[in-house]
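# A structural walkthrough
Residue strings, one per chain:
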Amino acid sequence: MAPTGTVWVGLTGEGLVRIAPAGFERLEVPSESDGAGPLVVGRDSVWFGLSCRDLHELRADGEIVAVHLPEAKGGPCLSALAVRQDGALLVGRQRELLEVDEAGARTIWTGDFHISVLQPSADGSVLIGDISGQLVMLKGQEVVRIELPAALKGQRLLVVRERDGQLVVGHEGGLAWRRDGSWTVLDADQGLPRGAIRDVAWGPGGELWVASYGGGLGWVDGGEAGRVPVGRGGLRDAFLSSIWITDGGDVLLQGNGGLTRLRLSELDRARASPGHGLAILRVPVGEANGWLRPSAALGDDRRLWLAGVHSVSSVDLAQLGERLEVPTTQLLGARVGELELDAQGEQVVPAEVWRRLEVSFGAPTLEPGMAVSYEHRLTQRGEEQARWE
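Heads up: these notes are all about the structure in this document. (Residues numbered from 1 in each chain as written. Predicted model: local features only at pLDDT ≥ 70, side-chain atom pairs only at ≥ 80, totals over all residues. Heavy atoms only, no water.)

Check the secondary structure of the protein chain and you find two helices and 37 strands. For the protein chain, restricting intrachain contacts to residue pairs at least 6 apart in sequence, the fraction spanning at least 24 positions comes to 45%. When the accessible surface of the protein chain is totalled, it reaches about 19,300 Å², and 47% of it is carbon and sulfur. (Helix = DSSP H or I, 4+ residues; strand = E, 2+ residues; numbered from the N terminus. Contact = heavy atoms within 4.5 Å. Areas by Shrake-Rupley, 256 points an atom, 1.4 Å probe, with all protein chains shown as cover.)

Laid out in structure tokens, this is it:
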């Protein structure tokens, strides 16, 4: 623990982590509102809904402004948000899709469709899912219906993800995964956690991690599926809404109890050894927000935004637990009596004098005012010589 309140943690095999004392901010939601969400992050703004129907924009200068939307053609509730590749905001309501840019808000599509999830694609098209298990692709004015497995009929679609020609659809009862043109349907009977699949994320090895509201965290790898234990030694939160896996190997989970952070390597060990305890960091901010999707978003500045029942929160991941290169000592010199040793290499010294070894080195500090201690080690080689390290 540093005098500034920063906590430094050394992890076996994982290096050094710095946890700062002020890693998150919280914007209180008005008490008369029904909670926040959905929420998305754009280039210079964060957009979030309040009380079902009101859309707000948090600008880069910290100002929060209300966004005027045209009169609803169906139900007025904001059911989904997304940001297109060109930076335009997409707003899903009960029977229409709106586009919001500098010119204002306008309806770009209507249909007999209660939108529950939006997923923009790199080619400019948008995947639109609804509460009855329907999925369409909107590209310009063309609408293409995507045939889903019969098991999804009547299910509320909660998450849609594309990658490398694959399509994953999470719903209230499980997961459907299309690879090479074929669908695989998974639920608790095949090993997934019970509950609604609200979010998914691919791991570096191609495995799929799924966040379940009610059953915790699960995974699909090849033809197998499983779940991470909840409770003592495992995850503390079974009601998850969002998951991210960062390039640095961190896993971030948003749940009813707030934000959970752990290493992907911890989850891999838990999969290999079900009794392996998980080392987790919990931050009591950003509780899950119910069905409104998405409920969280990660910005390019590594700030994570979370829509909750009582607040809109942001977490600076660099402050929450920044992983750093472990400082090393700089060996300045070594001597035995009058004998100077090569500080960069290996030196043989007579056995009768090596106990008088003197080593000088520069020791880096993590922060001013923090003491750091190091050791040097001598290794015996045979009976007549020793090697120092």
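So, on to the sheet that holds strand 22 (residues 216-221). Ordered by their spatial adjacency, four strands build an open sheet running 20-21-22-23, and the pairing between neighbours is antiparallel. The sheet is open, and its two borders are formed by strand 20 (196-202) and strand 23 (224-227), each paired with just one other strand. Across the sheet, the axes of successive neighbouring strands diverge by a mean angle of 25°, strand direction being ignored. When strand 21 (residues 208-213) meets strand 22, the two strands line up antiparallel, connected through five bridges. Residue Trp 209 lies in a different strand from strand 22, and its bridge partner there is Trp 219. Its contacts with the sheet place helix 1 (residues 264-272) against strand 21 and strand 22, and it is angled at close to 90° to strand 21. (Pairing = 2+ DSSP bridges. Axes fitted to C-alpha atoms, helices over the stretch in contact; angles between N-to-C directions.)

Quick look at the nonpolar core now. The biggest cluster of nonpolar side chains holds 17 residues, and the ones touching the most others in it are Trp 209, Leu 217, Ile 243, Val 251, Leu 253 and Leu 267. Breaking this core down by element, the ones donating at least two residues are strand 21, strand 22, strand 24 (240-245), strand 25 (250-255) and helix 1. Val 168, Leu 186, Val 220 and Ala 225 belong to the second-largest nonpolar core, a separate cluster that totals 13 residues. (Core = buried A, V, L, I, M, F, W, Y, C linked by side-chain atoms within 4.5 Å. Buried < 20%, exposed > 50% of the residue type's maximum accessible area, 1.4 Å probe, protein only.)

Before going further, it helps to spend a moment on the packing of aromatic side chains. All chains considered together, the criterion is met by two aromatic pairs. Look at Trp 109 and Phe 113: their rings are 5.6 Å apart centre to centre, the planes differ by 80°, and that puts the pair in the edge-to-face class. No difference in accessibility class separates Trp 109 from Phe 113, as the two residues are buried. For the pair Tyr 213 and Phe 239, a centre-to-centre distance of 5.1 Å together with 70° between the ring planes defines the contact as edge-to-face. Residue Tyr 213 is located in strand 21, and its partner Phe 239 is located in the loop between strand 23 and strand 24; the two are separated by 26 residues in the primary sequence. When its relative accessible area of 24% is taken as the criterion, Tyr 213 is described as partly exposed. Residue classification places Phe 239 among the partly exposed positions, given a relative accessible area of 38%. The positively charged end of Arg 179 is found above the aromatic ring belonging to Trp 177, 3.8 Å away from the centroid. The residue whose ring lies beneath Arg 198 is Tyr 213, and the NZ or CZ to ring-centre distance is 3.6 Å. (Phe/Tyr/Trp six-rings, centres within 6.5 Å; stacked < 30°, edge-to-face > 60°. Lys NZ or Arg CZ within 6 Å of the ring centre and 35° of its normal.)

Right, let's get into the environment of Gly 233. Here Gly 233 is to be found in the loop between strand 23 and strand 24. Classification of Gly 233 by relative accessible area gives partly exposed; the value is 32%. On a C-alpha basis, the gap between Gly 233 and Ile 280 in space is 9.8 Å, while along the polypeptide they are 47 residues apart. Leave out the neighbours within four places in its chain, and Gly 233 touches His 276, Gly 277 and Leu 278.

A pair can form between side chains of opposite charge whenever their charged atoms are brought close. Tallied over the full model, the rule gives 16 salt bridges. The partner of Arg 106 in a salt bridge is Glu 99, and the shortest N-O contact between them spans 2.7 Å. Judged by its relative accessible area of 31%, Arg 106 falls in the partly exposed class. Between Arg 161 and Asp 199 there is a salt bridge, with the nearest N and O atoms lying 3.0 Å from each other. On the criterion of sequence distance, the pair formed by Arg 161 in strand 16 (residues 157-163) and Asp 199 in strand 20 is long-range, its members being 38 residues apart. Residue Asp 199 is classed as buried on the basis of its relative accessible area of 5%. Put simply, Arg 84, Asp 86, Glu 99, Asp 101 and Arg 106 are held in one network by salt bridges that share partners. (Salt bridge = Lys/Arg side-chain N within 4 Å of Asp/Glu carboxyl O.)

Let us now look at helix 1. At 3.6 residues per turn, the α-helix brings residues three or four places apart onto the same side. Of the positions making up helix 1, those classed as buried are Leu 264, Glu 266, Leu 267 and Ala 270. Buried residues of helix 1, seen end-on, are gathered within an arc of 155° and therefore sit on one face of the element. On its buried face, helix 1 is in contact with strand 21, strand 22, strand 24, strand 25 and strand 26 (258-263). (Arc of directions from axis to C-beta.)

Tracing the chain through its elements places Val 285 in the loop between strand 27 (281-283) and strand 28 (296-298). On the basis of relative accessibility, which here comes to 1%, the residue Val 285 falls in the buried class. Measuring from C-alpha to C-alpha, the distance between Val 285 and Ala 307 comes to 9.7 Å, with 22 residues separating the pair along the chain. Look past the residues within four positions of Val 285 in its chain and what remains in contact with it is Phe 24, Arg 26, Gly 258, Leu 259, Leu 306, Ser 313 and Val 315.

In summary, the side chains of a regular strand alternate between the two faces of the sheet. Within strand 26, six of the six residues are buried, which leaves it mostly tucked inside the rest of the structure. Pairing analysis gives six bridges linking strand 25 to strand 26, with the strands arranged antiparallel. Across the sheet, residue Val 251 finds its bridge partner in strand 26, namely Leu 262. Between strand 25 and strand 26, which pair antiparallel and follow one another directly, the connecting turn spans two residues. Looking at chain direction, strand 26 and strand 27 are connected through three bridges and run antiparallel. The residue of strand 27 that forms the bridge with Leu 259 is Val 283.

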